[in-house]
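Per-entry structural report
Here is what each chain is made of, one letter per residue.
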Amino acid sequence: MSDTQQKPKAPDMVWDLSSYFPGIETVEYEQFMKDLESRIAARREAMAAIGPLTAATRPAWIAALLALEELAPRASHASSYIGCLSAADSADEAAEREDARLAKIWAEFEKAGLPLDEMLRTAPDAEFEALAAAPEIADSQHYLRRARWSARHSMDTVRESLASDLSVDGLHAWGRLYEKIAGKLEFEFTDEDGTIQKRPMAQRRGLLEHANPAVRKSVFQGSNKSWERVEHVVASCLNAISGTRLTLYRERGVPHYLAQALHESAIERATLDAMMGAIEESVELSRGIVRAKKEALGLGTFGFQDLAAPLPVKLKDEFTWDEAKRAVLKSFARYPRLQEYCDRAFRNRWIEAEKRNGKRPGAFCTSSSLIRESRVFMTFNGTVGDVMTLAHELGHAFHNEVMKDLRNMRRYYPMTLAETASTFAEAMLVSELVDSPDTSPETKAYLLDAGITHGAAFLLDIPMRFYFEDALYAERSSGELSVTRIKELMVAAQKRSFGDTLDADGFDPFFWASKLHFYITGVSFYNFPYTFGYLFSRALSERFRAEGPSFAAKYEAALEATGSRPAEEISLEVLGEDMRTRAFWKRVVDSHARDLGTYRDVVASLKK
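First, a word on what this report is: a plain description of the structure on this page. (Residues numbered from 1 in each chain as written. Predicted model: local features only at pLDDT ≥ 70, side-chain atom pairs only at ≥ 80, totals over all residues. Heavy atoms only, no water.)

Bringing the packing of aromatic side chains into the picture now. Tallied over the entire structure, the rule returns 37 aromatic pairs. For the pair Tyr341 and Trp350, a centre-to-centre distance of 6.1 Å together with 45° between the ring planes defines the contact as tilted. Residue class for Tyr341 comes out buried when judged on its relative accessible area of 2%. By relative accessible area, which is 8% here, Trp350 ends up buried. When the ring of Phe532 is compared with that of Trp585, the centres are 5.2 Å apart and the planes differ by 55°; the resulting orientation is tilted. Here Phe532 is found in helix H23 (residues 528–547), whereas its partner Trp585 is found in helix H26 (residues 582–590), with 53 residues between them in sequence. Accessibility assignment for this pair places Phe532 and Trp585 in one class, buried. (Phe/Tyr/Trp six-rings, centres within 6.5 Å; stacked < 30°, edge-to-face > 60°. Buried < 20%, exposed > 50% of the residue type's maximum accessible area, 1.4 Å probe, protein only. Helix = DSSP H or I, 4+ residues; strand = E, 2+ residues; numbered from the N terminus.)

Printed below as a string of structure tokens:
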């Protein structure tokens, strides 16, 4: 069913996509798509004819960059629209058809950019500097220099084209094999009534949040038995993906296996080292979170399967949609622009929240720089967790709002900064609800538990993944790793993070197999950017807590600069602190001591 055919039961909970297109089966949409296809074909032909960068071809390359800058938002506009339709109705055949069409369009768009990559790769320094200084594009030097780094750490066009073709049946094929294995894998566990259950592996994570510790342990053990049956195949996938990357890095002149990940994250190695060093220096504080969680759960034993366990409290607070909206708006009262934007998003129906069959799971925010609007997708069930999700996704939307008037080359921000505004907004909501006398003690405990559980994830779990992947790539440079060795590296990384907070048999030697992130072929080290984003956002939140609304202008300047300045420069300008120093990160990590103390007090009060 297309967006024009939907008959919403609750109109204020169903988004309005009419500013994108009147509908997918309309003349306006089809004309837009055909025009997009024809523009990309013309651009590809025009750019192929320009040739190397010289003083004579500089005007043509400037025009080409401007043309691509105008073209990219049109392609992403279509992607955003189809993504919205597909998420809102997984049975929408028209959206499925157009999604396949878009895949081909994006492939052609990437091919159109190959001559630009070749120009950036081969251009002499003096010619590139003259190009970057041209008045028409001088404000986009951050984007251009990052693009030049990528181009200069690539092979020539012929070999890159061959590598792209080979990756279909090579690198990406290993990733698809893993996804196929994980998608078909099932495991058995014993339910709380003693019944043997069989479930798909996709349900493992949710079941590890079961209230019964015996069920969690059975799920943990049963799922790992299933992974053990396919461990050699999955290990082959991991060896092939990491080995292929290392080979390509060598041929592209990438100096270190972390260099590509650091470039994609737009941070310096010194910044990563300072952050990880601070986390290790304050690791006992982070482990204290796990110990407090164990005490709150009243468990005598504690393993990896218990890290996300819920508190044994019954929540009394349930929210209607109107109450959720009021809670979000009230929590942003100290930030008028954010509050006004969210109110406008509610009034304009930019949020898809209705609970109905056919919707995809999860939540996301998508935006179109063509119409300068965002849309939020979620399913609202009335829980406090849903209200937190609403605030989180609206934070993403506000980030896009702050950047909406920037030119396209200044709107691309890295994964390290992608969660800044969302985490900031969610923190404001949680702070308001925890401080409110109208919030029940049980809900306050839930909110604080969610907060410190996130803290443990970002300060222990995510660093553990980094330690493992770092060790994996270091050893993979010398040859393939055995299943036994991979397990050893995994457990060693977990012990390095969690120490004695987990039982001797409570570690997870198969985490490397069960975690999809290690098998994403489009990006490596899909871990440390999460911790970076969480801690940087927390630093901004702490400053807002101290300075109040007067800090809003600096905060928005930080968001606006995420696509045009390095993170290190943003921190110096907005916070006056150098994130390349361990002291900056340690102060942020140590701020969790306050949260931990409050959590212990609230949990203790519930036991009285």
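The two faces of the sheet receive side chains in turn, since in a regular strand these alternate between them. Most of strand S5 (residues 373–377) sits out of view: five of its five residues are buried. Pairing of strand S3 (residues 351–352) with S5, which is carried by two bridges, proceeds in the parallel orientation. Paired with Ile351 across the bridge in S5 is Val376. Sheet topology places strand S4 (residues 364–368) next to S5; five bridges connect them, and they run antiparallel. If you follow Ser368 over to S5, its bridge partner there is Glu373. (Pairing = 2+ DSSP bridges.)

This part covers the packing of helix H4 (residues 114–122) against helix H6 (residues 141–152). One way to put it is that H4 packs onto H6 with a least axis distance of 8 Å and a crossing angle of 85°. Taken as axis vectors, H4 and H6 run roughly perpendicular relative to one another. Here H4 contributes Asp117, Leu120 and Arg121 to the contact with H6, which in turn contributes Ala147, Arg148, Ala151 and Arg152. Taken together, the residues of the contact of H4 with H6 sort by class into three nonpolar, no polar and four charged. (Axes fitted to C-alpha atoms, helices over the stretch in contact; angles between N-to-C directions. Parallel < 35°, antiparallel > 145°, perpendicular 65-115°, else oblique. Contact = heavy atoms within 4.5 Å. Nonpolar A, V, L, I, M, F, W, Y, C, P; charged D, E, K, R; others polar.)

On to helix H27 (residues 592–606), then. Over its 15 residues, H27 extends 21 Å from the first C-alpha to the last, a length consistent with the 21 Å expected when each residue adds 1.5 Å. Considered for burial, the residues of H27 that qualify are His592, Leu596, Tyr599, Val602 and Val603. Down the axis of H27, the buried side of the element spans an arc of 135°, and every buried residue falls inside it. (Expected span 1.5 Å × (residues − 1). Arc of directions from axis to C-beta.)

A word on a nonpolar patch on the surface. Together, Trp174, Leu177 and Val233 give the surface a local cluster of nonpolar side chains, amounting to about 220 Å² of exposed area. Within the element layout of this structure, Trp174 appears in helix H8 (residues 171–184). (Patch = residues over 30% accessible without salt bridge, like charges linked within 9 Å, V, L, I, M, F, W, Y side chains within 5 Å. Areas by Shrake-Rupley, 256 points an atom, 1.4 Å probe, with all protein chains shown as cover. Salt bridge = Lys/Arg side-chain N within 4 Å of Asp/Glu carboxyl O.)

Before going further, it helps to examine the nonpolar core. Counting residues in each nonpolar core, the largest one holds 145 residues, and the members touching the most others are Trp227, Phe468, Trp512 and Phe528. The residues contacting Phe468, other than those within four sequence positions of it, are Leu238, Ile486, Leu489, Met490, Ala493, Trp512 and Phe518. Of all hydrophobic cores here, the second largest spans 47 residues; its members include Leu36, Ala72, Cys84 and Leu120. (Core = buried A, V, L, I, M, F, W, Y, C linked by side-chain atoms within 4.5 Å.)

This brings us to the state of the cysteines. By definition, a disulfide links the sulfur atoms of two cysteines through a covalent bond. In total, this model carries zero disulfides according to the counting rule given. A disulfide-free cysteine, Cys342 has its sulfur positioned 11 Å from the sulfur of Cys365, the nearest such atom. (Disulfide = S-S within 2.5 Å.)

A separate point is the environment of His210. With respect to the helices and strands, the residue His210 is situated in the loop between helix H9 (204–207) and helix H10 (213–229). With 95 residues separating them in the primary sequence, His210 and Gln305 have C-alpha atoms 9.8 Å apart. Residues in contact with His210, not counting those within four places in the same chain, are Asp191, Glu192, Val215, Arg216 and Pro310. Within polar-contact distance, the side chain of His210 engages the backbone nitrogen of Asn212 at 3.0 Å. (Polar contact = N/O pair within 3.5 Å; in protein donor to acceptor, adjacent residues only side chain to side chain.)

Keep in mind these values describe shape, not function.
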